[in-house]
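For reference, the chains in residue letters:
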Amino acid sequence: KGLIQDMVEKLEKEADGDATKKTFCDKELAETAEKKADKTNEIEKLSTSIDKMSSHSAQLKEEIAALQNTLATLTGSQAAMDKIRAEEKEAFTTNKADMEQGLTGVKLALKILSEYYAKADKSHASADGAGTGIIGLLEVVESDFTKGLAEMTATE
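### A short note on the overall build of the protein
Phase 1 of the analysis: Secondary structure summary: the protein contains two helices and zero strands in total.
Phase 2 of the analysis: The C-alpha atoms of the protein give 53 Å as radius of gyration, which overshoots the globular expectation for 156 residues (15 Å, by more than 25%).
Phase 3 of the analysis: A principal-axis box enclosing the C-alpha atoms of the protein has dimensions of 175 × 20 × 15 Å.
Phase 4 of the analysis: Going through the 156 residues of the protein one by one, you find that 8% of them count as buried.

### Description of the environment of glutamate 88
Phase 1 of the analysis: Topologically, glutamate 88 is positioned in helix H1 (residues 2-117).
Phase 2 of the analysis: You can call glutamate 88 partly exposed: its relative accessible area is 44%.
Phase 3 of the analysis: Through-space distance from the C-alpha of glutamate 88 to that of glutamate 156 is 8.5 Å; in sequence the pair is 68 residues apart.

### A look at the nonpolar core
Phase 1 of the analysis: By size, the foremost hydrophobic cluster in this structure holds five residues: Val106, Leu110, Tyr117, Ile135 and Leu138.
Phase 2 of the analysis: At the level of elements, H1 and helix H2 (128-155) are the ones that each hand at least two residues to this core.
Phase 3 of the analysis: No other element matches the three residues that H1 contributes to this core.
Phase 4 of the analysis: In contact with isoleucine 135, other than residues within four places in its own chain, are Leu110, Leu113, Ser114 and Tyr117.

### Some points on the pattern of salt bridges
Close approach of charged atoms allows side chains of opposite charge to pair.
Phase 1 of the analysis: Tallied over the entire structure, the rule returns one salt bridge.
Phase 2 of the analysis: In this structure, lysine 96 engages glutamate 100 in a salt bridge whose closest nitrogen and oxygen atoms are separated by 3.9 Å. Of this pair, lysine 96 and glutamate 100 both sit in helix H1, four residues apart, which is roughly one turn of that helix.

### A few points about a negative patch on the surface
Phase 1 of the analysis: Side chains of Asp6, Glu9, Glu12 and Asp16 sit close together on the surface and give a patch of like negative charge.
Phase 2 of the analysis: Among the secondary structure elements, aspartate 16 is positioned in helix H1.

### Thoughts on H1
Phase 1 of the analysis: For H1, built from 116 residues, the straight-helix expectation of 172 Å at 1.5 Å per residue is met to within 8% by its first-to-last C-alpha distance of 165 Å.
Phase 2 of the analysis: Those residues of H1 lying buried are Phe92, Met99, Leu103, Val106, Leu110 and Tyr117.

### A look at the environment of glutamate 44
Phase 1 of the analysis: Take glutamate 44: it is sitting in helix H1.
Phase 2 of the analysis: Put simply, glutamate 44 and glutamine 5 are 39 residues apart on the chain and 57 Å apart in space, counted from C-alpha to C-alpha.

What counts as what
Residues numbered from 1 in each chain as written. Predicted model: local features only at pLDDT ≥ 70, side-chain atom pairs only at ≥ 80, totals over all residues. Heavy atoms only, no water. Helix = DSSP H or I, 4+ residues; strand = E, 2+ residues; numbered from the N terminus. Rg over C-alpha atoms; globule rule 2.2 N^0.38 Å. Buried < 20%, exposed > 50% of the residue type's maximum accessible area, 1.4 Å probe, protein only. Core = buried A, V, L, I, M, F, W, Y, C linked by side-chain atoms within 4.5 Å. Contact = heavy atoms within 4.5 Å. Salt bridge = Lys/Arg side-chain N within 4 Å of Asp/Glu carboxyl O. Patch = residues over 30% accessible without salt bridge, like charges linked within 9 Å, V, L, I, M, F, W, Y side chains within 5 Å. Areas by Shrake-Rupley, 256 points an atom, 1.4 Å probe, with all protein chains shown as cover. Lys, Arg positive; Asp, Glu negative; His and termini not counted. Charge placed at Lys NZ, Arg CZ, Asp CG, Glu CD. Expected span 1.5 Å × (residues − 1).

Written as structure tokens, this is what we have:
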């Protein structure tokens with residue numbers, strides 16, 4: 001009877017030990033499953049965040065490409081405008097010199113004609129009306145040249 005009693009006690013201790021081990025294992029498994037679920041959720045959140053950022057990055061790359069194309073177009077347009085401007089500047093420089101020379105010639109002609117028709121000897125009396133007409137015409141030409149030169153200079 002004592003031997004049976006010892007064996008029963010031994011089996012009860014083993015059963016208690018097994019129950020304690022099972023409780024420990026169940027507890028550890030539950031904690032591990034909870035940690036795994038937390039980590040899985042975290043992975044899903046991070047994956048979603050990565051996908052969003054990748055999508056945003058692709059969108060930004062498309063915008064950069066479009067902006068670079070626009071910039072290239074603008075650079076080409078700027079080069080063309082610079083070329084046109086250089087041609088206009090060259091034309092202005094040439095035309096300005098011609099206009100100034102023409103204006104100087106008209107002023108000289110006006111001076112000479114005015115002096116000629118202002119002489120007292122009047123050897124040209126029959127041409128007085130024509131002289132006045134020519135001088136008037138030259139004064140209009142002088143005014144037009146002066147106005148044209150001022151407009152060219154203002155435009156430049």
